[in-house]
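Working through the structure, step by step
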Amino acid sequence: MSDFVMIIQEMLDTIGIDFRMDIVIDYLPFFLKGTLITIAVSAAGVIMGMILGLLVGMGKVAKLWIIRFPFICYINFFRGTPLLVQLFLIHFAVMPLILSETNTIASLVVTLSLNSAAYVAEIFRAGIKSIDKGQAEAAHSLGMNKIQVMRYVVLPQAFKRMIPPLGNEFIVLLKDSSLGAIIAAPELLYWGRAATGQYYRVWEPYLTVALIYLLLTLTLTYLLNYVERRLDTE
Amino acid sequence: MISVKNLKKSFGSLEVLKDITIDILPQEVVVVIGPSGSGKSTFLRCLNLIESITDGQVLIEDVNITDKQTDINKIRTEVGMVFQQFNLFPHKTVLENITLPMITVRKWKRNAAESKALTLLEKVGLSDKADVYPDSLSGGQKQRVAIARALGMEPKVMLFDEPTSALDPEMVGEVLEVMKQLAQEGMTMVVVTHEMGFAKEVGDRVVFMDEGYVVEENKPAELFGNPQHERTQAFLSKIL
């Protein structure tokens, strides 16, 4: 143990707090590994959720009722049922149909992506709808076709308005990835539970895990605020 | 230039344009007036198909714009439009607002588009505003940029949909001045407005619309001085 940790340990002991820094230190490599997996799973979930969400969002605003209907069902299902239930369904029922071996990380990523897509779809739809109709009319009156109007006029403005709700969605997704612990996907909380099992201690692992999650979400918040400021036209 | 035959437009069961037939000649400035809800804005918006047409025909330089074979985007580059709410693109600078359609639609090179845009900004008196965002402009300046943006496509006709109605009174003059200059240069213009002074001074013909019909049309002096129709008289007595 480094001097710094020893000093903290002594302080804790002096004021009578029963907290074993050595457990945190012993498990640090596992927590780091778990953190990386949490980040990777969340990033994969965000990216796939965005792509899927864009498609679902476009499907939901289709003119034909028959095309719109399945997308509405999709959104209602994933927003209206608990994420944990979705995770169980996908991990224990759906994935075995596709993969021959169980892969907890794949199950977690698929569940997070599908779930997040339902929310992202609504964010996209609301963002595009929030842009004044006059913008598209002006662009059309200048001879732009539908794709150009979307690409150069509507989407850039809509995207800026989508950043705050998308940011919230990313943060929710990152925190929700901790449900992976229940199907033993080796993300951050999984290692917290492992440490608890090994040492029969609860404070040290769970508090450490909580602080790492906090660090991740605060960093994400800061990054999103930065992007938002950069896109300001003032 | 523009030939409208038996144009009809309904929103659901609401008939907004009942039967409009009118010809607009090259280099003519036609001012459309009428009470609110008379369909004059809708009429203007049908001329470039921003509003779909329920029935009838609109020919622009002998091309039927409702024909499925017609490339409406190409027609729209020939028909510039200026809106009451300006509709500048807030995420683009003034210069980019003007060059965006030139580059994306006309496929001009950026340099050529920018120098053309700067010429247009000079024309509307806003050379110093090229690099600011629209949010920092006054209403009158925004509308002048919007006019420059429409002119960038080198249209043959310009449609003005109540271009000064959203402006503070002291800014109306600067926009009308630009429009007047445009008229003097021989631009064909269709202007929906409540500015009767502009109609009298610049208009070649004034069209009075009410309840989806063209009630009366004439030279400005005739229509304002000696309105023939009862409804025209009633409308003019209220506003003059």
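Structural notes, computed from the coordinates. Within any chain, residue numbers begin from 1 and follow the written order of that chain's sequence. Throughout, the order in which chains and ligands are written sets their labels, letters from A for the former and numbers from 1 for the latter. Under the rules for a predicted model, residues below a pLDDT of 70 receive no local features and side-chain atom pairs below 80 are neither given nor counted, while totals for whole chains, interfaces and linings still include all residues. Side-chain numbers come from the whole structure's heavy atoms, not from hydrogens or water.

Only DSSP runs of H or I covering at least 4 residues are called helices, and only runs of E covering at least 2 are called strands; the numbering of each starts at the N terminus. A count of helices and strands for chain B gives 9 helices and 10 strands. Taking 240 residues into account, the globule formula puts the C-alpha radius of gyration at 18 Å, and chain B, at 18 Å, falls close to it. Seen along its three principal axes, the alpha-carbon backbone of chain B occupies a region of about 55 × 45 × 30 Å. Only protein chains enter the area calculation, which uses a 1.4 Å probe; residues under 20% of their type maximum are buried, those over 50% are exposed, and those in between are partly exposed. In chain B, which comprises 240 residues, the proportion classed as buried is 55%. Our radius of gyration is a C-alpha quantity, and the globule rule it is checked against amounts to 2.2 Å times the number of residues to the power 0.38.

On to a nonpolar patch on the surface, then. Here the term patch refers to residues with relative accessible area over 30% and no salt bridge, with like charges joined within 9 Å and nonpolar side chains (Val, Leu, Ile, Met, Phe, Trp, Tyr) within 5 Å. Computed with a 1.4 Å probe, the accessible areas rest on the Shrake-Rupley method; for each residue, only the protein chains presented here act as cover. Should a side-chain nitrogen of Lys or Arg be within 4 Å of a carboxyl oxygen of Asp or Glu, the pair is scored as a salt bridge. On the surface, Val202, Trp203, Tyr206, Leu207, Leu211, Leu214 and Leu218 of chain A cluster together into a nonpolar patch covering about 720 Å² of accessible area. As for its position among the elements, valine 202 of chain A is in the loop between helix H8 (188–199) and helix H9 (203–230).

Each side of the interface is counted separately: chain A has 19 residues, and chain B has 25 residues. Interface of chain A and chain B: buried area, both sides summed, is about 1,800 Å²; carbon and sulfur atoms make up 59% of it. The interface formed by chain A and chain B includes 1 salt bridge. Of the charged contacts in the structure, one is a salt bridge between arginine 45 of chain B and glutamate 137 of chain A, with a shortest N-O distance of 2.7 Å. Polar contacts here mean pairs of N or O atoms no more than 3.5 Å apart (in protein, one a potential hydrogen donor and the other a potential acceptor; neighbouring residues in sequence count only if both atoms are side-chain atoms). Here chain A and chain B share 6 residue pairs in polar contact (both at pLDDT 80 or more) between them. Residue assignment for the side of chain A that touches chain B shows that the elements contributing at least two residues are helix H6 (133–141) and helix H7 (146–176) of chain A. In terms of residue class, the side of chain A that touches chain B is built from 7 nonpolar, 9 polar and 3 charged. Only heavy atoms matter for contacts: two residues are in contact if any of them lie within 4.5 Å across the pair. We define buried area as the total accessible area lost by two parts upon association, computed with a 1.4 Å probe and summed across both. The nonpolar class holds Ala, Val, Leu, Ile, Met, Phe, Trp, Tyr, Cys and Pro. Asp, Glu, Lys and Arg form the charged class, and all remaining residues, Gly among them, are polar.

Bringing the pairing of strand E1 (residues 2–11) of chain B into the picture now. Residues and elements named next belong to chain B. Pairing between strands requires that DSSP locate at least two bridges from one strand to the other. Pairing analysis gives 7 bridges linking E1 to strand E2 (residues 14–24), with the strands arranged antiparallel. In the strand pairing of E2, phenylalanine 11 is matched with leucine 14. Two successive antiparallel strands, E1 and E2, enclose a turn made up of 2 residues, where glycine 12 displays a positive phi of approximately 60°. Inspection of the sheet shows E1 paired to strand E4 (residues 55–60) by 5 bridges, in the antiparallel sense. Note on E4: the bridge partner recorded for valine 4 is valine 58.

Here the focus is the pattern of salt bridges. The final tally for this structure, using the stated rule, is 19 salt bridges over all chains. With a closest N to O distance of 3.1 Å, glutamate 61 of chain B and lysine 156 of chain B form a salt bridge. Within this pair, whereas glutamate 61 of chain B is found in the loop between E4 and strand E5 (63–64), its partner lysine 156 of chain B is found in the loop between helix H5 (139–151) and strand E7 (157–161), the two being separated by 95 residues in sequence. Through salt bridges with shared partners, a single ionic network connects Lys60, Arg79, Glu122 and Arg125 of chain A.

With that out of the way, let us pick up the packing of helix H2 (residues 21–60) of chain A against helix H5 (residues 104–129) of chain A. Residues and elements named next belong to chain A. Where helices are involved, their axes are fitted lines through C-alpha atoms of the stretch in contact, as for all axes, and angles between N-to-C directions lie from 0 to 180°. Two elements in contact, H2 and H5, have axes whose closest approach is 6 Å; the angle formed by their N-to-C orientations is 45°. Put simply, H2 runs oblique to H5. For the element pair H2 and H5, the recorded crossing hand is right-handed. Split by residue class, the contact of H2 with H5 holds 17 nonpolar, 6 polar and 3 charged. Any angle between 65 and 115 degrees counts as roughly perpendicular, while under 35 counts as roughly parallel, over 145 as roughly antiparallel, and the rest as oblique. By convention, the crossing between two helices is left-handed when the near helix turns anticlockwise from the far helix through less than a right angle, and right-handed when the turn is clockwise.

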